[in-house]
Amino acid sequence: MANFDNNTTLAQVSATGLVPLFTHNDLDICLGVLRACYEAGVRVFEFTNRTENSFKNFAELVKIAEVEMPEMILGIGTIYDAATAEKFIEVGTNFIVAPVMNPEVGKVCQAAGIPWMPGVMTVTEIYNARVAGAEFIKIFPGEVLGAAFVKAIKAPMPDVKIMVTGGVSPTLESLKSWFDAGTTAVGIGSQLVPKDVLATKDFAKVTEIVAKALAIIQDLKS
């Protein structure tokens, strides 16, 4: 079961403003990236369910994080259906992120007392997601919709909490455009862990990149 309750997780996502996204078949690499992000100050991390070893690796990361990184709120992403959601809930995910809006996944998350962040790209989907119990919604793909879309949404739905994934870079220019538009948090993947850095397992560089992004976001939020 989850180590953090619904409100704690959502509050941390809002406070930190950055959720790294990562997955890899190699557990040691996954652990290296998770540790690097934790050292940088990250307290919410989305492990994406995209490789053949995703479930096994995630289960191990949950166990290790409980001991080594007790403040890390570890969740799973790329979940499409209720059965898969239940499987990851059993091994301790603290939240579930999806690229689609499937209310059945939302029901499973509500029953488990953890946040569900469904992917949406229209105002109708956002409304339906909130009716289905989503307290935080994921704008995806961000690179297609753009920051102007977020700004437009905040007019009729000023209280909606948005995490944008896709089209976000860990730079002042990119982050400023999203947060100025009303974004609550951003999800960033490969730009926090570039291929060349991953190839050399330079996890200290990952810590450096992530720490800079966090500092920018905190300045923008202050």
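Above this text is the structure in question.
On a predicted model such as this, the values are computed, not experimentally measured, just so you know. (Residues numbered from 1 in each chain as written. Predicted model: local features only at pLDDT ≥ 70, side-chain atom pairs only at ≥ 80, totals over all residues. Heavy atoms only, no water.)

A word on the overall build of the protein chain
The helix and strand tally for the protein chain stands at eleven helices and nine strands. Its C-alpha atoms give the protein chain a radius of gyration of 16 Å, within 12% of the compact-globule value 17 Å for 222 residues. Counting only C-alpha atoms and orienting by the principal axes, one finds that the protein chain spans roughly 45 × 40 × 25 Å. Out of the 222 residues in the protein chain, the part that is buried amounts to 54%. Long-range pairs, those at least 24 residues apart, make up 59% of the contacts in the protein chain between residues at least 6 apart in sequence. Here the protein chain holds 18 positive side-chain charges and 24 negative ones, and the gap between their average locations is 4 Å. (Helix = DSSP H or I, 4+ residues; strand = E, 2+ residues; numbered from the N terminus. Rg over C-alpha atoms; globule rule 2.2 N^0.38 Å. Buried < 20%, exposed > 50% of the residue type's maximum accessible area, 1.4 Å probe, protein only. Contact = heavy atoms within 4.5 Å. Lys, Arg positive; Asp, Glu negative; His and termini not counted. Charge placed at Lys NZ, Arg CZ, Asp CG, Glu CD.)

Focus: the packing of aromatic side chains
Counted under the stated rule, the structure contains three aromatic pairs. Centroid distance Phe 55 to Phe 88: 5.2 Å. Interplanar angle 75 degrees. Geometry classified as edge-to-face. Here Phe 55, found in helix α3 (residues 54–68), pairs with Phe 88, found in helix α4 (residues 82–90); they are 33 residues apart in sequence, far enough to count as distant. Phe 88 gets classed as buried once you look at its relative accessible area, which sits at 1%. Plain terms: the ring middles of Phe 58 and Phe 88 are 5.5 Å apart, the flat faces sit at 70 degrees to each other, and that makes the pair edge-to-face. Residue Phe 58 is found in helix α3, and its partner Phe 88 is found in helix α4; the two are separated by 30 residues along the sequence. For the pair formed by Phe 58 and Phe 88, the shared burial category is buried. Above the ring of Tyr 38, the side-chain terminus of Arg 43 is found at 3.9 Å from the ring centroid. The ring of Phe 55 carries Lys 87 above its face, with NZ or CZ at 4.8 Å from the centroid. (Phe/Tyr/Trp six-rings, centres within 6.5 Å; stacked < 30°, edge-to-face > 60°. Lys NZ or Arg CZ within 6 Å of the ring centre and 35° of its normal.)

What about unusual backbone geometry?
Put simply, Phe 140 and Pro 141 share a cis peptide bond, and its omega is 0 degrees. Take Pro 141: it is sitting in the loop between β7 (137–139) and α7 (142–145). The phi torsion at Thr 78 lies on the positive side, around 60 degrees, for a residue other than glycine. For Thr 78, a relative accessible area of 12% corresponds to the buried category. Even without a glycine there, the phi angle at Lys 201 is positive, about 55 degrees. Tracing the chain through its elements places Lys 201 in the loop between α10 (195–200) and α11 (203–221).

Section: the environment of Lys 176
On the secondary structure map, Lys 176 appears in helix α9 (residues 172–181). For Lys 176, a relative accessible area of 40% corresponds to the partly exposed category. Separated by 43 residues in sequence, Lys 176 and Asp 219 place their C-alpha atoms 9.8 Å apart. A distance of 2.5 Å separates the side chain of Lys 176 from the side chain of Asp 180, its partner in a polar contact. (Polar contact = N/O pair within 3.5 Å; in protein donor to acceptor, adjacent residues only side chain to side chain.)

Here we look at the pattern of salt bridges
Enumeration according to the criterion identifies eight salt bridges in this entry. With a shortest N-O distance of 3.0 Å, Arg 130 and Asp 159 are connected by a salt bridge. Of this pair, Arg 130 sits in helix α6 (residues 123–131) while Asp 159 sits in the loop between α8 (147–154) and β8 (162–165); the two residues are 29 residues apart in sequence, bridging distant segments of the chain. The exposure class of Arg 130 is partly exposed, given its relative accessible area of 31%. The class of Asp 159 is exposed, set by a relative accessible area of 53%. Between Lys 205 and Glu 208 there is a salt bridge, with its nearest N and O atoms 3.4 Å apart. Residue Lys 205 and its partner Glu 208 are both found in helix α11; the two are separated by three residues, about one turn of the helix. (Salt bridge = Lys/Arg side-chain N within 4 Å of Asp/Glu carboxyl O.)

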